[in-house]
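Single-letter residue listing:
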Amino acid sequence: MYNPYSLEGKTILITGASSGIGKSAAIECSKLGAKVIITARNKERLEKTFSALDGTGHSILLCDLIDFSEITKMVAKLPEIQGVINNAGYTEFAPVQFINEDVLQNMMGVNTIAPIIILRSLVKMKKLKKGASVVFTSSLSGLGRTSIGNTMYASTKGAISAFIQGAALELSAKGIRVNAVCPGMVETNILSNGTVSSEQIEEDKKIYPLKRYGRPEEVAWAMIYLLSDASLWTTGTNLIIDGGYSIR
Ligand SMILES: NC(=O)c1ccc[n+]([C@@H]2O[C@H](COP(=O)([O-])OP(=O)(O)OC[C@H]3O[C@@H](n4cnc5c(N)ncnc54)[C@H](OP(=O)(O)O)[C@@H]3O)[C@@H](O)[C@H]2O)c1
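Values in this document were obtained by computation on a predicted structure and should not be read as measured data.

Mind showing me how you'd approach the site of the ligand here?
The environment of the ligand is formed by 28 residues, the closest being Gly16, Gly20, Arg41, Asn42 and Gly89. Here the element with the most residues in the shell around the ligand is helix α1 (residues 20-31); it accounts for three residues. For the shell around the ligand, the class distribution of residues is 13 nonpolar, twelve polar and three charged.

This is the structure in C-alpha cells:
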C-alpha cells in the first residue's frame, strides 16, 4: 500500500520511552513498521512500553542520560540505525533569583548535553545509516515562547533548537537529516512535580486557540513525519506543534 509515512525497514532509537511523548512515539513508530530500541532509566515502565509495541524485533536498553559515559556505552551496543528520537527531558521551575547551580547543571545535562552526546557518539561510531533522520524534542519555550519561572528549561531547549540547525548543515554531507519538534503543553507526567496547580492548568488551556493541551500521540505523529520519507526534503527545522498557541 502507498504510504510515504511508513517506517518499514527502519530501526529507531527512542530516548525517554518509559512515559509520555517517548512512550507514545515508540508505540506509534512500531505501528508504522519500525523496529524500536527504547531507553530510559525505569525498567518497569520501559517494559510496559515494550509490551504495548506492535510487531517484533524491538529491544530495551537502560541508560541514565546524566551519566555521559553510560551514553557512549549504550551507543556502542546499538546496531546501525535509520532514525533517532532524542526525547528524554524534564523541567523544574524557579524564578531567576532562585536558580540553583546543581539543578541547572542537571537539567542542562539531561535536556541538552545528553542528546548532543548521543548524536556525536552515533556519528563518531558510524551507527547512522546514510539517509538517517534525527529528531530532537525541543519545546515552544526554546523558541522564545516561555513563561515566568521556566527560564532554566527554556535555556536547555533553546540550545537544542539552535543545535539542530548547525548539525543539519554539517551532517547533510553524510545524507543525515536533523530536525526538532517544538510542542506547546502536552498531557504527560512532566507537570506532576506539583509546581503548577490543576486550576492554573485549566486556565492555561483556555489560552490555546484549540482550547486544550496536546496529546502525546499528536507529537509522535509529527516525529513520524520527520523520521519517514515524507520529510526527505526537510532538515534543520523546528516544527511547532502547539494547538495554535504561538499565533495568538
Ligand atoms: N509535556 C509537555 O508539555 C512538553 C512540552 C514540550 C516539550 N516536552 C519535552 O518532551 C520530552 C518528553 O517529555 P514528556 O512530557 O513525555 O515527559 P515525561 O512523561 O515525564 O517523560 C520524560 C521521559 O524522560 C526520561 N528521562 C528523564 N530523565 C532521564 C535521565 N536522566 N535519563 C534517561 N531518561 C530520562 C524519563 O524516563 P525515566 O524516568 O524512566 O528515566 C521519561 O521517559 C521532554 O524532552 C520534554 O522536555 C514536553
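So much for the structure itself; the text now carries on.
Can you walk me through the sheet that holds strand β4 (residues 81-86) in this structure?
Note on sheets: strands pair through backbone hydrogen bonds, and any given pair is parallel or antiparallel. The strand order across the open sheet formed by seven strands is β3-β2-β1-β4-β5-β6-β7, and the pairing between neighbours is parallel. The sheet is open, and its two edges are formed by β3 (59-62) and β7 (238-241), each paired on a single side. The sheet shows a mean angle of 20° between the axes of neighbouring strands, taken without regard to direction. With five bridges joining them, strand β5 (residues 128-137) and strand β6 (residues 177-183) adopt parallel strand pairing. Paired with Val134 across the strands is Val178, a residue of β6.

Where do I start with helix α3 (residues 68-77) in this structure?
It helps to recall that an α-helix has 3.6 residues per turn; residues three or four apart then point in one direction. Of the positions making up α3, those classed as buried are Ile71, Met74 and Val75. Along the long axis of α3, the arc covered by the buried residues comes to 95°, so they all point the same way. Away from its buried face, by an angle of more than 90 degrees, α3 presents the exposed residues Ser69, Ala76 and Lys77.

I would appreciate a short explanation of the nonpolar core in the present structure.
In summary, soluble globular proteins display a tendency toward joint burial of nonpolar side chains. Of all hydrophobic cores here, the largest spans 56 residues; its most connected members are Ile12, Ile14, Cys29, Val84, Val135 and Met223. A total of seven residues in this core trace back to one element, the largest contributor, which is helix α7 (residues 216-227). Each residue touching Val135, except ones within four places of it in the same chain, is listed here: Val84, Ile85, Asn86, Asn179, Ala180, Val181, Met223, Leu226 and Leu227.

Explanation requested: the packing of α1 against α7 in the structure shown.
When two helices pack together, their arrangement is given by the angle between the helix axes and by the axis-to-axis distance. As a packed pair, α1 and α7 sit with axes 8 Å apart at the nearest point and diverge in direction by 55°. Classified by the interaxial angle, the pair formed by α1 and α7 is oblique. As α1 runs across α7, the sense of the crossing is right-handed. The segment α1 lies against α7, with Gly20, Ile21, Lys23, Ser24, Ala25, Glu28 and Cys29 engaging Pro216, Glu217, Val219, Ala220, Trp221, Met223 and Ile224. When grouped by side-chain class, the residues that make up the contact of α1 with α7 number nine nonpolar, two polar and three charged.

Please clarify how the pairing of β3 should be interpreted in this entry.
Looking along a regular strand, one sees the side chains alternate between the two faces of the sheet. Here strand β2 (residues 35-40) pairs with β3 via four bridges, running parallel. Within β3, the residue paired with Thr39 across the bridge is Leu61. Handedness of the β-α-β unit built from β2, helix α2 (residues 43-51) and β3 comes out right-handed.

When you look at helix α4 (residues 101-124) in this model, what are you seeing that I'm missing?
Of all the bends in α4, the greatest measures close to 45° and is centred on Gly109. Inspection of α4 places Met107, Asn111, Thr112, Ala114, Pro115, Ile118, Leu119 and Leu122 among the buried residues, and these make up the whole buried set.

I would appreciate a short explanation of unusual backbone geometry in the present structure.
Working note: non-glycine residues mostly have negative phi, and peptide bonds are mostly trans. Positive phi values are uncommon outside glycine, yet Lys126 reaches one of about 55°. Relative to the elements of secondary structure, Lys126 occurs in the loop between α4 and β5. Notably, Lys211 is not glycine yet its phi reads approximately 60°, a positive angle. In this structure, Lys211 sits in the loop between α6 (198-205) and α7.

What is the right way to look at the environment of Leu104 in this model?
You can see Leu104 is positioned in helix α4. Judged by the 17 C-beta atoms lying within 10 Å of it, Leu104 is partly exposed. Sequence separation between Leu104 and Ala94 is ten residues; the distance between their C-alpha atoms is 9.9 Å. Look past the residues within four positions of Leu104 in its chain and what remains in contact with it is Ile99 and Met152.

Cut-off values and rules
- Residues numbered from 1 in each chain as written.
- Predicted model: local features only at pLDDT ≥ 70, side-chain atom pairs only at ≥ 80, totals over all residues.
- Near = placed C-beta within 6 Å.
- Helix = DSSP H or I, 4+ residues; strand = E, 2+ residues; numbered from the N terminus.
- Nonpolar A, V, L, I, M, F, W, Y, C, P; charged D, E, K, R; others polar.
- Pairing = 2+ DSSP bridges.
- Axes fitted to C-alpha atoms, helices over the stretch in contact; angles between N-to-C directions.
- Buried ≥ 20, exposed ≤ 12 C-beta atoms within 10 Å, placed from the backbone.
- Arc of directions from axis to C-beta.
- Core = buried A, V, L, I, M, F, W, Y, C linked by C-beta atoms within 7 Å.
- Contact = placed C-beta atoms within 7 Å.
- Parallel < 35°, antiparallel > 145°, perpendicular 65-115°, else oblique.
- Left-handed = near helix turned anticlockwise from the far one by under 90°.
- Right-handed = clockwise from strand over helix to strand, strands pointing away.
- Bend = angle between axes of the 7 residues up to and from the residue.

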